[in-house]
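As a plain string of letters, each chain reads:
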Number of protein chains: 2
Amino acid sequence: MSSDPSSATLADLGESGLVAKILARISESQVQSSSVEIAAGDDAAVINTSGSSFVLSVDMYVEGKHFRTDWSTAIEIGRRCAAASIADVCAMGAIPVGVLLAIGLPTTTASPWVEDFMAGFMQETSDASSILLGGDVSGSESIVISVTALGTVVTGAAITRSGARAGDIVGICGRSGMAAGGLRVLQRGLRSPRALVDAFRVPEIDYSAGVRAAEGGATSMIDVSDGLVADLENIARESGVGIEIDTEKIVVPAELVSTAAAFGADPMAWILAGGDDHAFVATFPPTKPLPAGFAAIGTVVIDRVGEVHIDGVRYEDAYGATPGFQHFSS
Amino acid sequence: MSSDPSSATLADLGESGLVAKILARISESQVQSSSVEIAAGDDAAVINTSGSSFVLSVDMYVEGKHFRTDWSTAIEIGRRCAAASIADVCAMGAIPVGVLLAIGLPTTTASPWVEDFMAGFMQETSDASSILLGGDVSGSESIVISVTALGTVVTGAAITRSGARAGDIVGICGRSGMAAGGLRVLQRGLRSPRALVDAFRVPEIDYSAGVRAAEGGATSMIDVSDGLVADLENIARESGVGIEIDTEKIVVPAELVSTAAAFGADPMAWILAGGDDHAFVATFPPTKPLPAGFAAIGTVVIDRVGEVHIDGVRYEDAYGATPGFQHFSS
């Protein structure tokens, strides 16, 4: 570590530190635009276009950081990049419309790999009722994929991270911990249980869940990419509330139980801290039933603002580690 | 070179071969969407939103391919990435609205470099009356930057590459060959003439030129990123016309003349084949004067479809080389 803070590298700052620095600078320099409802900082930006609004989000996937070509096929990597990106616009309550794709490829990349990647990418894009709107290809040292996803939502109806209210029910739609379990399996050089490995390779996303949540009165929503607790902390902080998770309400899949046992791990830690499953978590008023596919796992409280508690204690205290991924920590 | 075509690498196929393969696959698999006027294949996609339309484009910039950190400052690289991306939506006749930025950074990147990059990126974005709508940060082996640019245009009024008609005048707004000259200067380890080096480092873009062209009745338009002839060939091919360039109408800047002479090169070759200046070239009906800032350099003809001729001959025959960049050729 350098003693001169101005020469700190990304390894020193960490990704979240860097993002915070960037966002602080940006908010000072943004020009005003009447068509922009929500700019950078949520799952996606929202642009008002008289009646309906556009939702936009960008993600980058880097070989060796987000995927490995020996762990996943090109088709699986293509599907995963499309799925994870489109999930961000769904998490705003929007209907997916299209994607833009930029790829950097080493000159040694085999042509069939690229064709398979595109086949997987287009398959998942089509499964989400989206189309490819544009693209760019460049040479690069390792494979780098950037996906911009676009969706539409009724103006004013986008679900942000900042609307949760004390008394709301926390609901989840989709799996959590499966991709994290699959990652642990692959990291040990294994290829089974297949259900976990497949979950890491391609997230299983219910692309209409975001719209159902919005119609069901969701007050806030996020898709779980960094981990259930880490992403709920974003809602807690930006909504100015606390969140209590009741692990008794969380069903632990059998594959997670057996694999975690074999690895000497706690499957609930994977569910709470593992990312990449892209489940949707949302908060709902307690006055009506949750939308189809959503299961209650906790409540929003007025105190412990910005914090997520697991059965009454913080994740760090219960599991002895920080939840969520840090891309620059290695 | 491999004898099995299915195992061709990107070095064999080249970027344009790869893009053609990808586009062929994509057109088969696209679902229909009533809101999409123009999908992948032009400078940008166009999405119809009742009265006004959104224009979207993505570009990727890779360290060592598109920029070098020893040739340009972080501020200059930030400005260039924003400028080149926003130029694509302007080339559709659209008004720039916003950008999304994804960056991959090595862990060794110094924090001030990132801050300077963002300062440059935000400065140019602001100069184009745009705002930052979203972003993502990841680790990567070398610096990789992906920018998605967004603009608006009156529905039905977007200027594509496919509308040029025989008899139209070819007009250019902005410089050509300056960035290519600057690149040659830097490649020789020199830092002057400053005008050329600066042109390579940050393109000078008239962000309202695209709208003026649209208002002036432009029938087709493109921004020159791959080279004047190479990009006009796109218009010729997609419009089903031929294009004649009259080099007597092109003013050669003094810096280009002297530098090319010193390097034993032809400055007109740099103007015709050099990219990265992001001038706007458009075709206009001959019945009225060109919009402010546009200079006539040629005409659209009915024969030699898909070809661009320079003073009556093809570029390859006049200059003995293929115009335009090939990112995978090295």
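Residues numbered from 1 in each chain as written. Chains lettered and ligands numbered in written order. Predicted model: local features only at pLDDT ≥ 70, side-chain atom pairs only at ≥ 80, totals over all residues.

**Q** What is the right way to look at the overall build of chain A in this model?
**A** Looking only at helices and strands, chain A features 10 helices and 13 strands. Burial status across chain A gives 56% buried among its 330 residues. In chain A, the proportion of contacts linking residues at least 24 apart, taken out of those at least 6 apart, comes to 82%. (Helix = DSSP H or I, 4+ residues; strand = E, 2+ residues; numbered from the N terminus. Buried ≥ 20, exposed ≤ 12 C-beta atoms within 10 Å, placed from the backbone. Contact = placed C-beta atoms within 7 Å.)

**Q** How should I be thinking about the sheet that holds strand 8 (residues 220-223) of chain A in this particular structure?
**A** Paired through their backbone hydrogen bonds, the strands of a sheet run either parallel or antiparallel. Residue and element names in this part refer to chain A. Sheet architecture is open: seven strands sit in the order 8-10-7-11-9-12-13, paired in mixed fashion. Of all strands in the sheet, those with a lone pairing partner are strand 8 and strand 13 (313-314), marking the two edges. In this fold helix 7 (residues 228-239) packs onto strand 8, strand 9 (242-245), strand 10 (280-284) and strand 12 (308-310), with an angle of close to 150° to the strand it touches most, strand 8. (Pairing = 2+ DSSP bridges. Axes fitted to C-alpha atoms, helices over the stretch in contact; angles between N-to-C directions.)

**Q** Would you explain unusual backbone geometry in this entry?
**A** A negative phi holds for most residues other than glycine; trans holds for most peptide bonds. At the junction of A:Ser192 and A:Pro193, the peptide bond is cis and its omega measures out at 10° in the coordinates. With respect to the helices and strands, A:Pro193 occurs in the loop between helix 4 (178-187) and helix 5 (194-201). The phi torsion at B:Ser129 lies on the positive side, around 55°, for a residue other than glycine. Tracing the backbone through its elements, the reader meets B:Ser129 in the loop between helix 3 (111-127) and strand 5 (131-139). Given 15 C-beta atoms within a 10 Å radius, B:Ser129 is considered partly exposed.

**Q** Quick question: what am I supposed to make of the pairing of strand 6 (residues 144-154) of chain B here?
**A** Two faces make up the sheet, and in a regular strand the side chains alternate between them. Residue and element names in this part refer to chain B. Across the 11 residues of strand 6, 10 count as buried, placing the element largely inside the fold. Strand direction decides the pairing type here: strand 3 (residues 52-62) and strand 6, joined by 11 bridges, are antiparallel. Paired with Ser 52 across the strands is Val 154, a residue of strand 6. Sheet topology places strand 4 (residues 95-105) next to strand 6; nine bridges connect them, and they run antiparallel. Note that in strand 6 the partner of Gly 98 across the bridge is Leu 150.

**Q** Got a minute to help me understand the pairing of strand 4 of chain B in this structure?
**A** Residues and elements named next belong to chain B. In terms of burial, strand 4 is largely enclosed, as 11 of its 11 residues are buried. One ladder, built from eight bridges, connects strand 4 with strand 5; its direction is parallel. When the bridges of strand 5 are listed, Ala 102 appears paired with Asp 136.

**Q** Is there a simple way to explain the packing of helix 4 (residues 178-187) of chain B against helix 5 (residues 194-201) of chain B in this structure?
**A** In a pair of packed helices, the angle between the axes and the distance between the axes together describe the arrangement. All names here are of chain B. Between helix 4 and helix 5, the least distance of the axes is 7 Å, while the angle of their chain directions is 105°. If you check the angle between helix 4 and helix 5, you find them roughly perpendicular. Residues Met 178, Ala 179, Gly 181, Gly 182, Leu 183, Val 185 and Leu 186 of helix 4 form the contact with helix 5, whose participating residues are Leu 196, Val 197, Ala 199 and Phe 200. For the contact of helix 4 with helix 5, the per-class residue count stands at nine nonpolar, two polar and no charged. (Parallel < 35°, antiparallel > 145°, perpendicular 65-115°, else oblique. Nonpolar A, V, L, I, M, F, W, Y, C, P; charged D, E, K, R; others polar.)

**Q** Explain the confidence of the model for chain A to me, please; I cannot follow it from the model alone.
**A** The predicted coordinates should not be examined in detail at positions where pLDDT is low. All names here are of chain A. When pLDDT is averaged along chain A, the result is 88, and 86% of the positions lie at 70 or above. Low confidence marks residues 326-330, where pLDDT is under 50. Its contacts with residues over four positions away, or in another chain, come to 13 contacts. Both confidence scores are given for the complex: pTM 0.88, ipTM 0.87. (pLDDT = per-residue confidence, 0-100.)

**Q** Hey, could you run me through helix 5 of chain A in this one?
**A** Because an α-helix completes one turn every 3.6 residues, residues spaced three or four positions apart along the sequence face the same direction. Residues of helix 5 of chain A that are buried: A:Leu196, A:Val197, A:Ala199, A:Phe200 and A:Arg201. Residues of helix 5 of chain A that are buried sit in contact with helix 2 (74-90), helix 4 and helix 8 (254-262) of chain A.

**Q** Looking at this model, I keep getting lost on the nonpolar core. Mind explaining?
**A** Nonpolar side chains in soluble globular proteins tend to end up buried together. In terms of nonpolar packing, the biggest core is built from 210 residues, with A:Val55 and B:Val55 touching the most fellow members. Leaving out residues up to four positions away in the same chain, A:Val55 has contacts with A:Ala44, A:Val46, A:Val89, A:Met92, A:Ala94, A:Leu150, A:Gly151, A:Thr152, A:Val153 and A:Ala158. (Core = buried A, V, L, I, M, F, W, Y, C linked by C-beta atoms within 7 Å.)

**Q** Can you walk me through the sheet that holds strand 11 (residues 295-301) of chain B in this structure?
**A** Residue and element names in this part refer to chain B. Taking strand neighbours across the sheet as the criterion, the seven strands line up as 8-10-7-11-9-12-13 in an open arrangement whose pairing is mixed. With one partner strand each, in any of the chains shown, strand 8 (220-223) and strand 13 (313-314) form the two edges of the open sheet. Note that strand 7 (residues 169-173) and strand 10 (residues 280-284) share five bridges and pair antiparallel. Counterpart to Cys 173 in the pairing with strand 10 is Phe 280.

**Q** Help me understand the domain arrangement of chain A in this model?
**A** A common way to express how large an interface is: the accessible area buried when the components associate. Residues and elements named next belong to chain A. Annotation of chain A at the domain level lists domain 1 (36-154) and domain 2 (169-319). Centre-to-centre, using C-alpha coordinates, domain 1 lies 22 Å away from domain 2. Each partner contributes residues to the interface: domain 1 has 19 residues there, and domain 2 has 18 residues. Only helix 2 and strand 4 (95-105) provide two or more residues apiece to the side of domain 1 that touches domain 2. (Domains from an automatic or database assignment.)

**Q** Can you walk me through the environment of A:Leu101 in this structure?
**A** All names here are of chain A. Inspection of the secondary structure puts Leu 101 in strand 4. What makes Leu 101 buried here is the crowd of 29 C-beta atoms within 10 Å. Taking the C-alpha atoms as reference points, Leu 101 and Val 137, 36 residues apart in sequence, are found 8.6 Å from one another. Look past the residues within four positions of Leu 101 in its chain and what remains in contact with it is Phe 121, Leu 132, Gly 135 and Val 147.

**Q** Before we go on, may I ask you to explain the environment of B:Phe200 in this structure?
**A** Residues and elements named next belong to chain B. Note on placement: Phe 200 falls in helix 5. Judged by the 24 C-beta atoms lying within 10 Å of it, Phe 200 is buried. Through-space distance from the C-alpha of Phe 200 to that of Gly 298 is 25 Å; in sequence the pair is 98 residues apart. Other than its neighbours up to four places away in sequence, Phe 200 contacts Ala 179, Gly 182, Leu 183, Leu 186 and Asp 276.

**Q** Just checking my understanding: could you explain the environment of A:Gly189 for this structure?
**A** All names here are of chain A. Summarising the element assignment, Gly 189 is placed in the loop between helix 4 and helix 5. Overall, Gly 189 belongs to the exposed group, with 6 C-beta atoms counted inside 10 Å. Once the C-alpha coordinates of Gly 189 and Gly 104 are considered, the two residues, 85 residues apart in sequence, prove to be 27 Å apart.

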